[in-house]
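This is what each chain is made of:
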Amino acid sequence: MSRLYMNDWPPYAKADMNRRDGSLLAAKLMANAAQTAPKAGGIDQVECCIVSGEEEMELIARKIEELADENSKNKMWKRIFRTEAIMVRETDCVLFIGNYRVADSPLDLGCGVCGGAEKCGYVYNRRHSRYGQIDLVEGKKDRSHRMVDGPLCSIFVGDLGYAVGGATYIAKQLFVDTRPLISVSIAGQKLGYCPNSEMVVGLPISSLPKNPYVDVLPDYHLLTRDKAVKQLRKNYVVSRMVHWFDYRSWYPKEKKGDE
Amino acid sequence: MAIMDGNKSANEYLVEIARMGAMAALKAPNMANTEIKTMILTGEDLEPLSEILVALGATSAFIYGDGLCGKKSFEAQTPIVELLIGANLSQSDLNWNCGACGFDTCAEFNRYAKENLSAGGLFAGPSCNWKVLDFGTAQSWAAASIWQQNVDNRAQASYGAAAMLVGHMEGCTTTVGISIGPCRDTVWYNRPDMAHTFDMDKHEQFVLNTLPQFFVGFCGGGYPQVKDKTGWPVEPPQYLQKGESPELIAKSQEAMGRVGELIAKEKKRLGKV
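My aim in this report is to walk through the structure given alongside it, one point at a time.

Reading guide: rules and limits
Residues numbered from 1 in each chain as written. Chains lettered and ligands numbered in written order. Predicted model: local features only at pLDDT ≥ 70, side-chain atom pairs only at ≥ 80, totals over all residues. Heavy atoms only, no water. 1 Å grid on protein atoms, 1.4 Å probe; cavity = no way out; pocket = protein on both sides within 12 Å on 5 of 7 lines; lining within 4 Å. Points joined across faces, edges and corners; volume = space filled by probe spheres on them. Nonpolar A, V, L, I, M, F, W, Y, C, P; charged D, E, K, R; others polar. Helix = DSSP H or I, 4+ residues; strand = E, 2+ residues; numbered from the N terminus. Contact = heavy atoms within 4.5 Å. Polar contact = N/O pair within 3.5 Å; in protein donor to acceptor, adjacent residues only side chain to side chain. Expected span 1.5 Å × (residues − 1). Buried < 20%, exposed > 50% of the residue type's maximum accessible area, 1.4 Å probe, protein only.

Focus on empty space enclosed by the protein
Where empty space is left becomes clear once a probe the size of a water molecule has been rolled over the atoms. The tally for this structure, following the rule as stated, stands at three cavities of 30 Å³ or more. Here the largest cavity defines a volume of roughly 110 Å³. Lining the largest cavity are 15 residues, and of these G110, C111, C114, C120 and C153 of chain A sit closest to its centre. For the lining of the largest cavity, the class distribution of residues is 10 nonpolar, three polar and two charged. In this structure, the second largest cavity occupies an estimated 90 Å³ of space. For the second largest cavity, the lining is made up of 15 residues, of which S92, C98, C101, C106 and C128 of chain B are closest to its centre. Only α5 (106-116) and α6 (129-148) of chain B provide two or more residues apiece to the lining of the second largest cavity. For the lining of the second largest cavity, the residue count by class is 10 nonpolar, five polar and no charged.

Listed below in structure tokens is the structure:
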């Protein structure tokens with residue numbers, strides 16, 4: 001007979017690691033759903049990477065915090081990124097879904113979504129290409145300031161949306177919490193988890209008593225559970241210490257009138 | 001107590017399934033604040049779109065297939081229902097300045113998109129790619145929820161484009177249709193309704209057109225021959241070359257003429273002229 005005990009506290013203890021296994025299982029099924037999701041022509045295009053562990057979550061969170069200062073034109077950007085970095089620290093694992101055709105292998109349908117009447121020329125004319133093939137390496141340095149290396153084939157971007165939809169739908173069926181987050185997406189692409197994809201969506205996944213991805217506070221990065229615990233541990237030990245009490249020899253008398 | 005024909009009841013329920021699909025599309029995760037619009041077409045408001053696609057399909061295999069299977073469902077009195085999902089993807093209110101559209105900032109993209117908003121082969125563009133992503137996610141949730149109800153369905157750009165051509169889904173730059181039903185094992189996969197739509201000659205020509213690599217002989221001489229007959233090495237040599245096709249252009253123009261008539265007829269019926 002064996003026992004598998006699961007609990008969510010303290011984080012990364014054996015009981016919590018047992019609990020996290022369920023999120024990992026869900027992540028694998030979500031990755032499967034991302035592969036089988038409807039897509040234009042049934043063409044292969046999706047790559048997935050599941051990342052877990054305290055060190056990896058911290059790496060992603062710190063990358064997000066670094067990216068928080070990358071968009072000074074947008075006042076909300078920094079707040080969003082600082083908040084979502086905290087969410088990653090409370091995450092069991094992250095599923096990254098990338099599309100490895102969006103940048104250098106357009107569908108060539110001429111649908112118009114990316115560029116209207118210019119059709120696929122919208123992408124081919126703005127990229128380096130020859131023999132009907134796109135060279136992403138050429139000129140990459142000039143584009144390195146961009147968070148996403150566009151322009152992209154929008155039909156395949158839509159297919160990435162389908163993959164994200166399949167993955168999040170399965171998560172819903174399995175009652176695990178997930179949400180596609182822009183900060184996790186861009187950080188994941190920059191960290192290279194889906195190494196062949198110029199567009200990546202990051203899905204943090206958790207099975208915790210409270211969904212980490214909703215119902216947060218303003219300035220959440222200063223009001224995190226970890227900061228609350230850290231503060232409490234500091235205050236508690238000091239309070240405990242200075243309320244001098246020799247437990248062996250006396251006990252505080254009850255107040256008269258309360259008897 | 002009423003006795004119902006179960007098969008008929010099941011097919012009549014497809015509208016309710018479409019409603020569930022619309023609910024799912026609206027509930028789907030949405031990263032970029034994309035406004036999703038949905039519409040459900042049935043009966044006399046859907047059958048003309050199948051006719052348009054059959055006509056348009058004279059020079060497009062996938063469009064032909066989508067139209068023909070829809071048309072046959074009406075002939076069999078188990079008509080499909082169409083869930084249209086659309087959005088205006090041509091402006092970004094995000095200020096993410098991410099570069100995915102090829103511009104450094106959303107402001108630059110918005111200016112370009114406003115001046116250059118135009119139709120491509122199926123839809124209008126340019127588009128903000130994070131909004132395109134949301135649009136795909138919404139369609140995925142709709143298709144998944146319909147699949148969970150055990151109904152064959154398929155997301156089709158063809159029906160979405162045809163719907164916009166006759167004036168539905170105003171304000172949307174892109175619309176995709178999810179064809180729902182009829183209640184049968186396979187409808188949109190394998191497509192049994194397309195039995196005997198081609199013979200072996202047409203099949204071989206199709207493979208030569210779309211997968212020429214199969215037919216290409218030894219290329220070391222720089223001028224590989226086409227292996228279109230078993231006796232090809234001693235037959236007069238055939239080579240692949242690129243060139244215009246007046247025949248295909250004429251066929252396409254004839255098809256567009258017929259399509260134009262059908263669109264005008266449907267617009268008149270809908271009071272959209």
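Having put the structure on the table, let's press on.
Points about the interface of chain B and chain A
With 42 residues of chain B in contact, the opposing surface of chain A contributes 45 residues. Inspection of the region where chain B meets chain A yields 30 residue pairs in polar contact (both at pLDDT 80 or more). Secondary-structure elements contributing two or more residues to the side of chain B that touches chain A are α5, β3 (118-119), β4 (124-125), α6 and β6 (174-180) of chain B. A class-by-class count of the residues in the side of chain B that touches chain A yields 23 nonpolar, 18 polar and one charged.

Let's talk about helix α9 (residues 246-270) of chain B
An α-helical turn contains 3.6 residues, so any two residues separated by three or four positions project in the same direction. Residue and element names in this part refer to chain B. Counted at 1.5 Å a residue, the expected span for α9 with its 25 residues is 36 Å, and the 36 Å between its end C-alpha atoms agrees. Among all positions of α9, only A255, V259, L262, I263 and E266 are buried. Among the structural elements, α3 (47-56) and α7 (157-165) are those in contact with the buried residues of α9. In the segment just after α9, G271 is the residue with positive phi, at about 75°.

So, to be careful, I would describe these as geometric facts and stop short of saying anything about function.
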